[in-house]
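Structural characterization, general
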Amino acid sequence: MLLGSCVVGNHEPTEAELSAFGDYVYQLDTLQLEHQLDSLLKTDSTRWEGDKAVKERYASIGRLDGTPLWYSRMGVVPEADSVLSFLRREVPRNGLDSLAFFVPQIAEDLGIVRHLSFDSLGVSINEVLPRLDYHLSKAYVRYTCGQRYGFTRPDRLLNKLDFKPKGGHARLFDYDIKTTDYQEAIEKLTEAGVTKLDYLKTSQPASRLYQTFQREFERTTDQEARHRLAVNMERCRWQVKQPEESGRRVLVNIPALHLWAVGGDSVLDMRIVCGARTTKTPLLHSEIKYMQVNPEWLIPKNIIDNEVAHHGGDSSYFAKRRYYIVDRSSGDTLNPANVAPSLLKSGRLRVGQKGGVGNSLGRIVFRFPNDFDVYLHDTSNRGAFNSDHRTLSHGCVRVQKPFDLACFLLPDADEWFKDRLRISMDIKPETERGRDYLKAHSEDPRPLRLVTYQQVSPHVPVYIIYYTAYPNPKTGVIETWPDLYGYDKIISQAGSPFLF
């Protein structure tokens, strides 16, 4: 193979045109090219799966003759310059590190080829071209796959974070995530008639949230703030069910310790209490389907084992908390004084708390399907919302304004329904009809329970998310919060060296 010294620019000359310039200057040696590529493959110790796909592609072709992706015997393909220009511009503004995409090395090698400065720099064309070809391919696959699917896999990272001796690792990330299609990127590199640059350009996330982060990243100079934004931009790349950008939805952001119920131009916001570091609230997407007023609390097995069982036989403990014990097989209610701790731990009994005043779920609970038995609910400990330290629960989310949230979920509810709900929750009614009803039944010995169950129709999407930087849905201004569960650190480590 021979490289013509005249081959610079966008036109690939014919043999006849090349002959007019006399002898070829730089000779391509197939064996040397193959040796250089073999050396690159052997010394490439990368563990990122996208890089492995590129290595496999280069290793599978065996010989370089006729197979380079970015050059031929006529020179480097013109699109290499366009790709370099794109990477130079877009990599930094997307919260990524240019070194991870070989931008300086590609620019240097491309400059050597374009200016034919092999002799002056003492390097061989057979060394530069394979390196340039390999780095361009790796940069291309890194950018397109990373931008389309993310440079990290949150399910693999977070779901192996907390080990529970009796149940294995806790599942903390429950969003369905698509597997990265590395082969599609490889095919775009080799597919005839396809412009590599077009696929590169369409790889960037298109969500408004991502674009908001991108604009903030470009105008921010503080290094810590830029890194935080880069990590949160990575969350936008994951191919998961992202919060909708229109329509009614409930957003629960763990680091913010806040809930936003967004509908049209209105936003209801409130504080939350979420899972402690040892019992983290899982990240998930679901739909709120119904609500229960004055619910009973069926105590989960892990709480029985860790907090209740050792009180077995202490009837005063159960009476004070209004706990009851039921035999699962017979359905009989048992006297706590006769139930030993070992029996409570056996799993043969159901332990619950009666609904109403003092119930741990408060006066209302909002249910949505999930694999963790978590939900949004009121609480009997209202003082917790006054604290900045609100990672206290076993995983469920306690909400500061449960009645307001119920009204948000039922936008068509009339004032009489709202007053019936208030009366059921022991809140003063606000209509004349409600006040009259309460007065007429003031002598009733039993609590007034006018609403016990209410379906939410249509169902309202709920997203439990984890963003340490996020635009406040009320103001649109990006706010930042501490990394409560340490997820930023984990993503940052796994995303190195790609993330800023």
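Coordinates for the structure precede this section.
Description of the structure in this document. (Residues numbered from 1 in each chain as written. Predicted model: local features only at pLDDT ≥ 70, side-chain atom pairs only at ≥ 80, totals over all residues. Heavy atoms only, no water.)

Looking at the layout of surface pockets
Think of a ball as big as a water molecule: rolled over the atoms, this probe shows where empty space is left. Test applied: Any residue with an atom within 4 Å of a point lines the site, the site being either a cavity, points on a 1 Å grid over the protein atoms alone where a 1.4 Å probe fits but cannot get out, or a pocket, an open set with protein on both sides within 12 Å along at least 5 of 7 lines. Grid points are joined across faces, edges and corners, and a volume is the space filled by probe spheres set on the points. Every helix listed is a DSSP run of H or I at least four residues long, and every strand listed is a run of E at least two residues long, numbered separately from the N terminus. Following the grouping adopted for this structure description, the nonpolar residues are Ala, Val, Leu, Ile, Met, Phe, Trp, Tyr, Cys and Pro, the charged ones are Asp, Glu, Lys and Arg, and the polar ones are all others, Gly among them.
Looking at the largest pocket, its volume works out to about 1200 Å³. Every residue lining the largest pocket is counted, 41 residues in all, and those nearest its centre are Thr279, Pro300, Asn302, Ile303 and His394. Residue assignment for the lining of the largest pocket shows that the elements contributing at least two residues are helix H13 (301-308) and helix H14 (315-321). With seven residues, the single largest contributor to the lining of the largest pocket is H13. A class-by-class count of the residues in the lining of the largest pocket yields 15 nonpolar, 14 polar and 12 charged.

Looking at the nonpolar core
Heads up, the rule is: To define a nonpolar core, start from buried Ala, Val, Leu, Ile, Met, Phe, Trp, Tyr and Cys residues and group those joined through side-chain atoms within 4.5 Å. Under the scheme applied here, a residue whose accessible area is under 20% of the maximum for its type counts as buried, over 50% as exposed, and between as partly exposed, the area being computed with a 1.4 Å probe on protein chains only. Whether two residues are in contact is decided by their heavy atoms: any pair within 4.5 Å suffices.
Formed by 142 residues in total, the largest nonpolar core has its most connected members in Phe101, Val250, Leu259, Phe366, Leu376, Leu405 and Leu409. For this core, the leading source of residues is helix H7 (residues 125-149), giving 11 residues. The residues contacting Leu405, other than those within four sequence positions of it, are Val250, Leu259, Ala261, Leu268, Met270, Phe366, Leu376 and Val399.

So, the packing of helix H11 (residues 208-219) against helix H12 (residues 223-237)
What describes two packed helices is the angle between their axes and the distance between those same axes. So the rule is basically this: Whenever a helix is involved, its axis is fitted only over the stretch in contact; in every case the axis is a line through C-alpha atoms, and angles between N-to-C directions fall within 0 to 180 degrees. Angular relationships are summarised with four words: roughly parallel below 35 degrees, roughly antiparallel beyond 145, roughly perpendicular across 65 to 115, and oblique for the angles in between. Each crossing gets its handedness from the near helix: less than a right angle anticlockwise from the far helix is left-handed, clockwise is right-handed.
For the pair H11 and H12, interaxial distance at closest approach is 10 Å and the crossing angle is 160°. With respect to H12, the element H11 is oriented roughly antiparallel. As for the relative orientation of H11 and H12, their crossing is left-handed in sense. Residues Leu209, Tyr210, Phe213, Gln214, Glu216 and Phe217 of H11 form the contact with H12, whose participating residues are Arg226, Leu229, Ala230, Asn232, Met233, Cys236 and Arg237. Here the contact of H11 with H12 is composed, by residue class, of eight nonpolar, two polar and three charged.

Side note on the pairing of strand E8 (residues 258-263)
Our working definition: Any two strands with at least two DSSP bridges between them are considered paired.
The element E8 is largely enclosed, with a buried count of six among its six residues. Neither face of E8 is open: one carries His258, Trp260 and Val262, the other Leu259, Ala261 and Gly263, and all of them are buried. Note: strand E7 (residues 249-253) against E8, five bridges, orientation antiparallel. The residue of E8 that forms the bridge with Val252 is Leu259.

Digging into empty space enclosed by the protein
Enumeration according to the criterion identifies two cavities of 30 Å³ or more in this entry. Along the walls of the largest cavity sit 16 residues, with Phe173, Trp238, Ile465, Tyr466 and Tyr467 positioned nearest its centre. Within the residue set of the lining of the largest cavity, elements represented by two or more residues are strand E19 (453-465) and helix H19 (487-495).

So, the pattern of salt bridges
Rules: Whenever Lys or Arg places a side-chain nitrogen within 4 Å of a carboxyl oxygen from Asp or Glu, that contact is recorded as a salt bridge.
Counting across every chain of the model gives 26 salt bridges. Among the ionic pairs, Glu90 bridges to Arg89, the shortest N-O distance being 3.1 Å. By relative accessible area, which is 44% here, Arg89 ends up partly exposed. A salt bridge links Arg382 to Asp378, with the shortest nitrogen-to-oxygen separation between them at 2.7 Å.

Overview of the packing of aromatic side chains
Threshold: What counts as a ring pair is set by centres within 6.5 Å for rings of Phe, Tyr and Trp (its six-membered ring), and what kind of pair is set by the plane angle: stacked under 30 degrees, edge-to-face over 60, tilted for all other angles. Definition used: whenever NZ (Lys) or CZ (Arg) falls within 6 Å of the ring centre and also within 35 degrees of the ring normal, the charge is taken to sit over that ring.
Enumeration over the complete set of coordinates arrives at 25 aromatic pairs. Here the aromatic rings of Tyr317 and Phe318 are separated by 5.3 Å at their centres, their planes lie at 80°, and the arrangement is edge-to-face. According to the relative accessible area criterion, Tyr317 is buried, its value standing at 9%. The cationic tip of Arg57 hangs over the ring face of Tyr58; the distance from NZ or CZ to the ring centre is 5.3 Å. The ring of Phe217 has Arg226 sitting right over it, with the charged end atom 4.0 Å from the ring centre.

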